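# Fold and contact review
The chain contents come next:
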Amino acid sequence: MRESGSDWSVLIERIRASAARVREVEAQASERETLIEGILERVRADLGAAEERVRVAEAQTARAEAAAAERIRAAEARLAEAEARARTSEEWLKRIHETIFSEFAVIDEGRS
């Protein structure tokens, strides 16, 4: 069997074409890898920004909760003071009522 030089040249051309195709695929893979790395960097940055927004929101929530708790404590203290004043007022009104009733009863008894 005799092999011609053209068979070898066809083989060499196919090897060259295959190598060129491999280089193209590798270049495309490299481009895609670079693109994916860029996307991952953006995702990481977005995630970091989102985490920071969450931290800020949590801090604001904590401050709001603390302020609300302080307002509640202040309102409860004012309520307790108001209740104490109301009890004192009720005691004085009771004394005034008793004084009026007893003093006018003495006057009515004197008339009879």
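Parameters and conventions
- Residues numbered from 1 in each chain as written.
- Predicted model: local features only at pLDDT ≥ 70, side-chain atom pairs only at ≥ 80, totals over all residues.
- Heavy atoms only, no water.
- Helix = DSSP H or I, 4+ residues; strand = E, 2+ residues; numbered from the N terminus.
- Areas by Shrake-Rupley, 256 points an atom, 1.4 Å probe, with all protein chains shown as cover.
- Salt bridge = Lys/Arg side-chain N within 4 Å of Asp/Glu carboxyl O.
- Buried < 20%, exposed > 50% of the residue type's maximum accessible area, 1.4 Å probe, protein only.
- Phe/Tyr/Trp six-rings, centres within 6.5 Å; stacked < 30°, edge-to-face > 60°.
- Lys NZ or Arg CZ within 6 Å of the ring centre and 35° of its normal.

## A short note on the overall build of the protein
Across its full length, the protein holds one helix and zero strands. Accessible surface, the protein: about 10300 Å² in total, of which carbon and sulfur atoms supply 59%.

## Let's talk about the pattern of salt bridges
By the definition in use, this model includes four salt bridges. The partner of Arg-16 in a salt bridge is Glu-13, and the shortest N-O contact between them spans 3.5 Å. Separated by three residues within a single helix, Arg-16 and Glu-13 lie in helix 1 (residues 5-111), roughly one turn from each other. By relative accessible area, Glu-13 is classed as partly exposed at 46%. The residue Glu-70 makes a salt bridge to Arg-73 at a minimum N-O spacing of 3.0 Å. Of the two residues, Glu-70 and Arg-73 both sit in helix 1, three residues apart, roughly one turn of that helix. The exposure class of Arg-73 is partly exposed, given its relative accessible area of 47%.

## Focus: the packing of aromatic side chains
This structure, assessed with the given rule, holds zero aromatic pairs. Positioned over the ring face of Trp-92 is Arg-95, at 4.9 Å from the centre of the ring.

All quantities given are derived from atomic positions and should not be read as evidence of function.
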